[in-house]
Amino acid sequence: MDQKSEEKRKKITKFILITISVLFIAVMLIIPLFSILFSALKEGLGFYLQAISTEYVRSALGVTLLATVIAVMVNTFFGVAAAWLLTKFSFRGKQVLATIIDIPFSISPVIVGLAFLMTFGRLGWTYPGIRAINHLLGTNIRITFALPGVVLATIFVTFPFVSREIIPILNAQGKDEEEAAALMGAGGFTIFRRITLPQMKWGLIYGIILCTARALGEFGAVNALSKTRGQTFTLPLEIDALYMSGTDTSITAAFAVSSILVLIAVAVLLVRNIFEYREKTRYAKK
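Residues numbered from 1 in each chain as written. Predicted model: local features only at pLDDT ≥ 70, side-chain atom pairs only at ≥ 80, totals over all residues. Heavy atoms only, no water.

Some points on the side chain of glutamine 199
Here is step 1: Residue position: glutamine 199 is located in helix H11 (residues 188-217).
Here is step 2: Not counting chain neighbours up to four residues away, the residues in contact with glutamine 199 comprise Lys88, Ile169, Leu170, Gln173, Glu177 and Glu178. (Helix = DSSP H or I, 4+ residues; strand = E, 2+ residues; numbered from the N terminus. Contact = heavy atoms within 4.5 Å.)

A few points about the pattern of salt bridges
Here is step 1: Within the structure shown, the criterion is met by three salt bridges.
Here is step 2: Of the charged contacts, one joins arginine 164 and aspartate 102 as a salt bridge, the two residues approaching to 2.7 Å between their closest N and O atoms. Of this pair, arginine 164 sits in helix H9 (residues 160-173) while aspartate 102 sits in the loop between helix H4 (94-101) and helix H5 (103-106), and the two are 62 residues apart along the sequence.
Here is step 3: The exposure class of aspartate 102 is partly exposed, given its relative accessible area of 28%.
Here is step 4: When the shortest N-O distance is used, the salt bridge between arginine 214 and glutamate 218 registers 2.5 Å. (Salt bridge = Lys/Arg side-chain N within 4 Å of Asp/Glu carboxyl O. Buried < 20%, exposed > 50% of the residue type's maximum accessible area, 1.4 Å probe, protein only.)

Structural notes on a nonpolar patch on the surface
Here is step 1: A contiguous nonpolar patch, built from Phe24, Ile25, Val27, Met28, Leu29, Ile30, Ile31 and Phe34 and spanning about 820 Å² of accessible area, is present on the exposed surface.
Here is step 2: Along the polypeptide, leucine 29 turns up in helix H1 (residues 2-40). (Patch = residues over 30% accessible without salt bridge, like charges linked within 9 Å, V, L, I, M, F, W, Y side chains within 5 Å. Areas by Shrake-Rupley, 256 points an atom, 1.4 Å probe, with all protein chains shown as cover.)

Section: the layout of surface pockets
Here is step 1: The volume enclosed by the largest pocket comes to roughly 310 Å³.
Here is step 2: Around the largest pocket sit Ile209, Leu210, Ala213, Leu216, Gly217, Leu261, Ala265, Val268 and Leu269, which together line it.
Here is step 3: Those elements giving two or more residues to the lining of the largest pocket turn out to be H11 and helix H14 (248-285).
Here is step 4: The dominant element in the lining of the largest pocket, judged by the number of residues it contributes, is H11, at five residues.
Here is step 5: Partitioning the lining of the largest pocket into residue classes produces eight nonpolar, one polar and no charged.
Here is step 6: Its boundaries defined by the atoms lining it, the second largest pocket holds a volume of some 240 Å³.
Here is step 7: In this structure, the second largest pocket is lined by 14 residues; those nearest its centre are Arg122, Tyr127, Ile141, Arg142 and Thr144.
Here is step 8: Mapped onto the lining of the second largest pocket, the elements with two or more residues apiece are helix H6 (109-120) and helix H7 (127-137).
Here is step 9: In terms of residues, the lining of the second largest pocket owes the most to one element, H7, which gives four residues. (1 Å grid on protein atoms, 1.4 Å probe; cavity = no way out; pocket = protein on both sides within 12 Å on 5 of 7 lines; lining within 4 Å. Points joined across faces, edges and corners; volume = space filled by probe spheres on them. Nonpolar A, V, L, I, M, F, W, Y, C, P; charged D, E, K, R; others polar.)

Comments concerning the nonpolar core
Here is step 1: With 17 residues, the main nonpolar core has Val150, Ala153, Ala221, Val222 and Leu225 as its most contacted residues.
Here is step 2: For this core, the elements supplying multiple residues, two or more each, are helix H3 (55-88), H6, helix H8 (147-158), helix H12 (220-225) and helix H13 (235-245).
Here is step 3: In terms of residue count, the dominant contributor to this core is H8 (five residues).
Here is step 4: Beyond its immediate stretch of four places on either side in the chain, leucine 225 contacts Gly113, Phe116, Leu117, Thr144, Phe145, Ala146, Gly149 and Ala153. (Core = buried A, V, L, I, M, F, W, Y, C linked by side-chain atoms within 4.5 Å.)

Focus on the confidence of the model for the protein chain
Here is step 1: Residues of the protein chain with pLDDT of at least 70 account for 97%, and the chain-wide mean is 88.
Here is step 2: Predicted confidence in the protein chain is weakest over helix H10 (residues 176-183), with a mean pLDDT of 78, and strongest over H8, with 94. (pLDDT = per-residue confidence, 0-100.)

Topic: empty space enclosed by the protein
Here is step 1: Tallied over the entire structure, the rule returns one cavity of 30 Å³ or more.
Here is step 2: Considered as a void within the structure, the largest cavity measures approximately 40 Å³ in volume.
Here is step 3: The wall of the largest cavity is formed by Thr64, Ala67, Thr154, Ala215, Leu216, Glu218, Val222 and Thr234.
Here is step 4: Counting only elements with at least two residues in the lining of the largest cavity, the list comes to H3 and H11.
Here is step 5: In terms of residue class, the lining of the largest cavity is built from four nonpolar, three polar and one charged.

Here's what the structure looks like:
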């Protein structure tokens, strides 16, 4: 009787937890996302296609994708290098470096944008040097209120994602395999390519996915450094501009443009699932 009662309590507990999880996911994720898609198509497919193909939206999409690609490439390179350094080597200041990497997690994106303004803007300490270079070369290099500022802000806010996914994996793996390979005469790059990289592969993929998602949706830091609609606006800024216009058509257009980010996010998740499925299939065949 006691055993049956215990099994019954476990089933009830499991049912309650599943119900809470499903309701939470439905309320917080599924319903809002479907609401965006429903609102985007409220005026019909023709209006939807027109809303997402305007010059402003095309420009914002291009800026968003450019900033995202550059940020992912830069952060992947430095994230892998930082994770490798922190997990495979001992040196003074190691903990300080690990703490510095986490700074973007604790700083508001708006503050990041203002920090870049005070660094590269007209009141920044680097501005005299930038002005001197422009005068010497006859160029018009600008950081703030231009594409370089958008890219730098995106890189900053997404910097920790790749390294923080890789570091726990490499710490769990330890150094034994690398040290054994080094004793057998393998070079540093060979050790990294044949041992370290396969160990970090899934952490690297998840880090890239998180970095991509964060870069696509960044608003605060970019908003402080981007003021020209149609030139330096990203998709989140374009959505905000459409929504703040206040008219019925502009609000519907804002939802239409928002659906682009939703569809990109779904595509990223599908790519991740494809990788996972292929990996599971490959291991199953072994």
